[in-house]
Amino acid sequence: MSDDVGRVEVDALVVGAGAAGMTAALVAALEGLDALLCEKSSQVGGTTASSMGTIWVPGTRQSREAGFADEIADARRYLDAVIGPALDNRREIYLATGPEVVDYLERRSEVKFTAYARHPDYLANRPGATTGGRPLSPLPFDGRRLGADFDLVRPPIGEFMALGGMMIGRDDIEPLSRPFSSPATFRALLSLLWRQAADRLRYRRGTRLVMGNALIARLLASLRRNGVPIWANAKLQELTVANGRVTGAVIAVDGKLRRVNVRRGVVLATGGFGGSVERLNDHVRPPLAHAVAFAGAAGDGARVAQTVGAALETDHAAPAFWTPVSETPWLDGGCGVFPHLSLDRAKPGLIAVNAAGRRFVDEAFSYHEFVNGMHRSHATVPTIPAWLVCDRDFIGKYGLGRIPPGWRNWRAFIASGYLIEAQSIDALAQKIKVDAAGLHDSVGRHNRFAETGEDQDFGKGSTEFDRHNGDPRQRPNPCLGRIATPPYYAMAVYPSTLGSSIGLKADADGRVLTAAGEPIPGLFVCGADMASIMRGHYPGPGITIGPAMVFAYRAAMALRATATAPASGAE
Ligand SMILES: Cc1cc2nc3c(=O)[nH]c(=O)nc-3n(C[C@H](O)[C@H](O)[C@H](O)COP(=O)(O)OP(=O)(O)OC[C@H]3O[C@@H](n4cnc5c(N)ncnc54)[C@H](O)[C@@H]3O)c2cc1C
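Quick caveat: nothing in here was measured; it's all calculated off a predicted structure.

Visitor: Outline the overall build of the protein chain, supporting the account with residue identities and numerical values.
Guide: The helix and strand tally for the protein chain stands at 16 helices and 23 strands. Expected size for 571 residues packed as a compact globule is a radius of gyration near 25 Å; at 24 Å, the protein chain falls within 12% of this value. Taken over the C-alpha atoms alone, the protein chain extends approximately 75 × 55 × 50 Å along its principal axes. Within the span of the protein chain, comprising 571 residues, buried residues form 61% of the whole. Here the contacts in the protein chain between residues at least 6 apart in sequence split such that 72% fall between residues at least 24 apart. Total accessible area on the protein chain is roughly 21800 Å²; 52% of this is exposed by carbon and sulfur atoms. Of the side-chain charges in the protein chain, 63 are positive and 58 negative, and the distance between the mean point of each set is 3 Å.

Visitor: Mind laying out the site of the ligand, listing which residues take part and the relevant values?
Guide: Close to the ligand lie 36 residues; Glu39, Thr48, Asp300, Thr544 and Ile545 are nearest. Contact distances for the ligand include 3.0 Å between an oxygen atom and a backbone N or O atom of Ala20. The contact in question runs from a nitrogen atom of the ligand to an N or O atom on the backbone of Lys40, over 3.0 Å. Coverage of the ligand by the protein chains reaches 98% of its 1000 Å² of free accessible surface. Broken down by secondary-structure element, the contributors of at least two residues to the shell around the ligand are α1 (19-30) and β11 (234-242). A class-by-class count of the residues in the shell around the ligand yields 16 nonpolar, 16 polar and four charged.

Visitor: So what's going on with the layout of surface pockets? Which residues, and what values?
Guide: Each pocket or cavity is described by its volume, and for the second largest pocket that value is around 220 Å³. Taken together, 16 residues form the lining of the second largest pocket, with Leu87, Asp88, Arg90, Glu313 and Arg535 sitting closest to its centre. Residues of the lining of the second largest pocket, tallied by class, amount to six nonpolar, two polar and eight charged.

Visitor: Mind laying out the state of the cysteines, listing which residues take part and the relevant values?
Guide: All told, the structure shown has zero disulfides when counted by the stated rule. There is no disulfide at Cys526, and the cysteine sulfur nearest it, in Cys38, is 14 Å away. Residue class for Cys526 comes out buried when judged on its relative accessible area of 0%.

Visitor: Give me the lowdown on the nonpolar core, citing residues and values where you can.
Guide: Residues Leu13 and Leu419 are the most contacted members of the largest nonpolar core, which totals 166 residues. For this core, the leading source of residues is helix α16 (residues 545-561), giving twelve residues. Built from parts of two domains, this core gets at least three residues from each of domain 1 (6-138 + 213-317 + 501-561) and domain 3 (321-497). Filtering out sequence-adjacent residues up to four positions away, Leu419 remains in contact with Ile395, Leu400, Ile403, Trp410, Phe413, Ile414, Tyr489, Ala490 and Met491.

Visitor: Before we move on, could you go through the environment of Met549 and cite the residues and values that matter?
Guide: By the element assignment, Met549 lies in helix α16. Considering only alpha carbons, one finds Met549 and Ser462, 87 residues apart in sequence, at a separation of 33 Å. For Met549, the residues in contact, after removing those within four places along its chain, are Ala19, Thr23, Ile55, Val101, Leu105, Val111, Phe113 and Leu215.

Visitor: Tell me about the domain arrangement of the protein chain, and name the residues and values.
Guide: Considered domain by domain, the protein chain is made up of domain 1 (6-138 + 213-317 + 501-561), domain 2 (168-205) and domain 3 (321-497). Relative placement of domain 2 and domain 3: their C-alpha centres are 28 Å apart. Between domain 2 and domain 3, the residue contacts involve four residues of the former and seven residues of the latter. With both chains or domains summed, domain 2 and domain 3 bury close to 420 Å², and 48% of this area falls on carbon and sulfur atoms. The largest contributions to the domain 2 side of the interface with domain 3 come from Arg170, Ile173 and Ser177, which together make up 81% of the buried area.

Visitor: Got a sec to walk through the side chain of Thr497? Specific residues and values, please.
Guide: With respect to the helices and strands, the residue Thr497 is situated in strand β20 (residues 488-500). In this structure the side chain of Thr497 is engaged in a polar contact, spanning 3.1 Å, whose partner is the backbone oxygen of Gly274. Excluding its chain neighbours within four sequence positions, the residues that come into contact with Thr497 are Gly274, Leu280, Leu288, His290, Ala291, Val292, Ala293, Ala320, Phe321, Trp322 and Thr323.

Visitor: With reference to specific residues and values, describe the packing of aromatic side chains.
Guide: In total, this model carries 13 aromatic pairs according to the counting rule given. Ring centres of Tyr122 and Phe465 lie 4.7 Å apart, and the angle between their planes is 55 degrees; on these two criteria the pair is classed as tilted. With Tyr122 in the loop between β4 (113-115) and β5 (135-138) and Phe465 in helix α15 (residues 464-469), this pair connects stretches of sequence that are 343 residues apart. Accessibility assignment for this pair places Tyr122 and Phe465 in one class, buried. Between the NZ or CZ atom of Arg279 and the centre of the ring of Phe273, over which it lies, the distance is 6.0 Å. The lysine or arginine in question, Arg345, covers the ring of Phe370, its NZ or CZ lying 5.0 Å from the ring centre.

Visitor: How would you sum up the pairing of strand β13 (residues 256-268)? Please name residues and give values.
Guide: The side chains of a regular strand alternate, first on one face of the sheet and then on the other. Across eight bridges, strand β1 (residues 7-15) lies against β13 in parallel orientation. When the sheet's bridge partners are listed, Ala12 is paired in β13 with Gly265. In terms of strand pairing, strand β12 (residues 245-253) meets β13 through six bridges, oriented antiparallel. When the bridges of β13 are listed, Ala252 appears paired with Leu257. Between the end of β12 and the start of β13, which pair antiparallel, lie two residues, with Asp254 showing a positive phi angle near 50 degrees. In terms of strand pairing, β13 meets strand β23 (residues 519-525) through three bridges, oriented parallel. Bridged to Leu268 within β23 is Val525.

Visitor: Quick one: what's the story with the sheet that holds β5, residue by residue and with numbers?
Guide: Here three strands make up an open sheet; going across it, the order is β3-β5-β4 and the pairing antiparallel. In the strand order of this sheet, the two ends are held by β3 (55-56) and β4, each with one partner. Bridge analysis of β3 against β5 gives two bridges, and the strand direction is antiparallel. From the neighbouring strand, Ile55 faces β5, where its bridge partner is Leu136.

Reading guide: rules and limits
Residues numbered from 1 in each chain as written. Predicted model: local features only at pLDDT ≥ 70, side-chain atom pairs only at ≥ 80, totals over all residues. Heavy atoms only, no water. Helix = DSSP H or I, 4+ residues; strand = E, 2+ residues; numbered from the N terminus. Rg over C-alpha atoms; globule rule 2.2 N^0.38 Å. Buried < 20%, exposed > 50% of the residue type's maximum accessible area, 1.4 Å probe, protein only. Contact = heavy atoms within 4.5 Å. Areas by Shrake-Rupley, 256 points an atom, 1.4 Å probe, with all protein chains shown as cover. Lys, Arg positive; Asp, Glu negative; His and termini not counted. Charge placed at Lys NZ, Arg CZ, Asp CG, Glu CD. Near = heavy atom within 4 Å. Polar contact = N/O pair within 3.5 Å; in protein donor to acceptor, adjacent residues only side chain to side chain. Nonpolar A, V, L, I, M, F, W, Y, C, P; charged D, E, K, R; others polar. 1 Å grid on protein atoms, 1.4 Å probe; cavity = no way out; pocket = protein on both sides within 12 Å on 5 of 7 lines; lining within 4 Å. Points joined across faces, edges and corners; volume = space filled by probe spheres on them. Disulfide = S-S within 2.5 Å. Core = buried A, V, L, I, M, F, W, Y, C linked by side-chain atoms within 4.5 Å. Domains from an automatic or database assignment. Buried area = accessible area lost by both parts, 1.4 Å probe. Phe/Tyr/Trp six-rings, centres within 6.5 Å; stacked < 30°, edge-to-face > 60°. Lys NZ or Arg CZ within 6 Å of the ring centre and 35° of its normal. Pairing = 2+ DSSP bridges.

Have a look at this one:
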């Protein structure tokens, strides 16, 4: 990279430091290119840092080593069944390249994944679905290894941490909620608490990083090891073009404009527009009130690309990937959101109802399908918000939203209005203003299903995926239990997003395309900036970060293969 302060020249400029941009910059550097990574906020990580960090990549060595016999042909069959026929070759190339990318990163960097012991596909009754093997989880990472760079990693949303910044992974829930269930859980709890106490003496938050935070920390450590410069507070303003080719960009660094010239290309990885309610509501009906994705993911990449002729792909089943959220009041008077991903809805003894007090969906469905159910119901009966309804035993055992399992003092949550409490179902219906007869009837009918184990209305607990998130101790159906022990509780949930699905039209090497399908020379895209190959469907865990990293890799390889152009073209 040139030392010139006003003007910099590199092979590749990557814009946006989430999983996609960091992977693109890393692979570019590993392939011998001179790469620069620019991030508009003061920290790296974007939405990825708050995510589970799961990648859905069929047919990997890691999954075979974990004992799964996953065939690409089955994954293809599954995607065809969920999404329909592919409209371009990206799906096929994704399936073909995915295992290679996971191996490449494992071999050449700190980025390492392991297969979940079990994590079923979300539409588990479709042909080709598996009970596990496709989703991989990033290995936890010790943030202390980053030294001063630890502060550069964006923490996850506060709703995913406890005890002043301790990250809670899926495996930590059992020791935290039932520490005395076995000597091993008790030892695990002591180890977590000891580590957190030690961390808090030296760091602003816990350094035991898991999920998306571990992935970002691993990418950051790898970028540092390869000497890739990272500019924070560096926002892409506009692209520069000469003779029909993108030759660089103007970046506002700490408010001062700098020109970056590129010999090979610019990669857009600004995270789509899933963090901006305003941008989402250009496409989402009924409009959303909340976004869970990082606010910095505000559509900058697409906006800038469109000024140089890029096209958007918008014909998806849904413009974004959904999750239901509850509104969590903060002590300072603000409000956050808690995504109800997998911990509560599938457990036995909970139903979701609309304003008529009626169930409208299999509550154990994936977060995306649950919100699809809300939207369908809302077309005829108000279902925004929908209400999660359960009893005292349920919350004590499983928690609800922000309320952790095992927590006994719910007073603060009731006082803030997060949780509504009543001594009878009728009184609860009155408090949440849903039809009392409807709610009464729904609870009674559901309680009869709990006895027989068969939900005749919505099939809760009828698929592998439902049962995976239920409670295996519950018989005969791990997702069905009576709602019968007062007081009764309700919590409002609203539709929200994990990220956008529609985005820039691109080919399988991340080349940004015009409406006519022509590549724009020198312009690449990956991550949520690129239109999702899932086309607004949510087949399984990790279907956004998986493609983000695979197409980032492919874009970097395509950059390597791109002939260098004189950067002076940007003058
Ligand atoms: C709670 C939660 C859990 C999730 N779990 C998963 C999961 O397990 N698996 C999965 O596949 N998906 C998951 N998702 C979705 C997933 O996190 C996102 O789709 C994915 O992280 C997007 O990655 P990205 O690199 O494209 O964008 P991001 O990670 O959002 O990074 C984009 C970066 O670009 C920066 N940027 C924006 N504009 C500019 C600009 N003008 N100039 C410079 N920089 C800019 C942003 O500040 C940001 O840091 C989850 C989402 C949430 C909210």
